[in-house]
Amino acid sequence: MSRLKSRRVAKNRNEMYEGVFDNRGVKEVDQYVTPKLKNPNKDDLDRIPTIGHYWSYGDSFWRLASRYMGDQSLWWIIARLNNKPTEAHCTEGDEIKIPTNIAVALEVLS
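The structure presented is a predicted model; accordingly, all values stated were derived computationally and were not measured.

Q: What's the story with the overall build of the protein chain in this structure? I'm lost.
A: Each helix and strand in the protein chain was counted, giving five helices and four strands. What you see in the protein chain, going N to C, is helices and strands ordered as β-α-β-α-β-α-α-β-α. The globule rule puts the C-alpha radius of gyration for 110 residues at 13 Å, and the 18 Å found for the protein chain is more than 25% above it. If you line up the protein chain on its principal axes, its C-alpha atoms span 50 × 30 × 25 Å. In the protein chain, buried positions account for 27% of the 110 residues.

Q: Can you help me understand the confidence of the model for the protein chain in this one?
A: In this model, the protein chain carries a mean pLDDT of 91, and residues with pLDDT of at least 70 account for 96%. No element of the protein chain has a lower mean pLDDT than strand S2 (residues 29–32), which averages 88, and none a higher one than strand S3 (residues 50–54), which averages 98.

Q: Got a minute to help me understand a nonpolar patch on the surface in this structure?
A: Taken together, Met16, Tyr17 and Val20 make up a surface patch of nonpolar side chains, about 290 Å² in accessible area. Looking at the secondary structure, you find methionine 16 in the loop between strand S1 (9–12) and helix H1 (18–24).

Q: Teacher, can you tell me more about helix H5 (residues 102–109) here?
A: Burial in H5 covers these residues: Val104, Ala105, Leu106, Val108 and Leu109. One side-chain oxygen at the N-terminal end of H5 lies 3.2 Å from the backbone nitrogen of alanine 103; it belongs to asparagine 101.

Q: Would you mind going over the pattern of salt bridges with me for this structure?
A: Here the idea is simple: oppositely charged side chains can pair when their charged atoms come close. A full pass over the atoms with the stated rule returns seven salt bridges. Of the charged contacts in the structure, one is a salt bridge between lysine 11 and glutamate 28, with a shortest N-O distance of 3.7 Å. With lysine 11 in strand S1 and glutamate 28 in the loop between H1 and S2, this residue pair connects regions lying 17 residues apart in the sequence. Under the relative-accessibility criterion, lysine 11 is labelled partly exposed at 46%. For aspartate 30, the salt bridge identified is with lysine 11, shortest N-O distance 2.8 Å. Placement of aspartate 30 in strand S2 and of lysine 11 in strand S1 is noted, with a sequence separation of 19 residues between them.

Q: What am I meant to see in the side chain of asparagine 12 here?
A: Residue position: asparagine 12 is located in strand S1. Overall, the relative accessible area of 9% leaves asparagine 12 in the buried class. Reaching out from asparagine 12, the side chain makes a polar contact with the side chain of glutamine 31 at a distance of 3.0 Å. Each residue touching asparagine 12, except ones within four places of it in the same chain, is listed here: Tyr17, Phe21, Lys27, Glu28, Val29 and Gln31.

Calculation criteria
- Residues numbered from 1 in each chain as written.
- Predicted model: local features only at pLDDT ≥ 70, side-chain atom pairs only at ≥ 80, totals over all residues.
- Heavy atoms only, no water.
- Helix = DSSP H or I, 4+ residues; strand = E, 2+ residues; numbered from the N terminus.
- Rg over C-alpha atoms; globule rule 2.2 N^0.38 Å.
- Buried < 20%, exposed > 50% of the residue type's maximum accessible area, 1.4 Å probe, protein only.
- pLDDT = per-residue confidence, 0-100.
- Patch = residues over 30% accessible without salt bridge, like charges linked within 9 Å, V, L, I, M, F, W, Y side chains within 5 Å.
- Areas by Shrake-Rupley, 256 points an atom, 1.4 Å probe, with all protein chains shown as cover.
- Salt bridge = Lys/Arg side-chain N within 4 Å of Asp/Glu carboxyl O.
- Polar contact = N/O pair within 3.5 Å; in protein donor to acceptor, adjacent residues only side chain to side chain.
- Contact = heavy atoms within 4.5 Å.

Next comes the structure, spelled out in structure tokens:
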């Protein structure tokens, strides 16, 4: 399930990129518009059923997403749910919440 399917596409014709366009032989490029994510409140986050996982050496969000949710591309859900943008924000022993209902997690976090 690609997150890009639901994004708006914008045409970039900015003359600042004229050299890039010339190199590519085009007059414009399509760019995906960055989505505006809402910041869920505590009540919204509490709606997401989760299990706990203690961060250990070698863990990564994509590995956890693959193991627990069956799709490594959903790593961003774990990162966003735990308010940890990257693995560098995790320390061994941190308890990481893993959503058990992906549909509810997507509804709340995207």
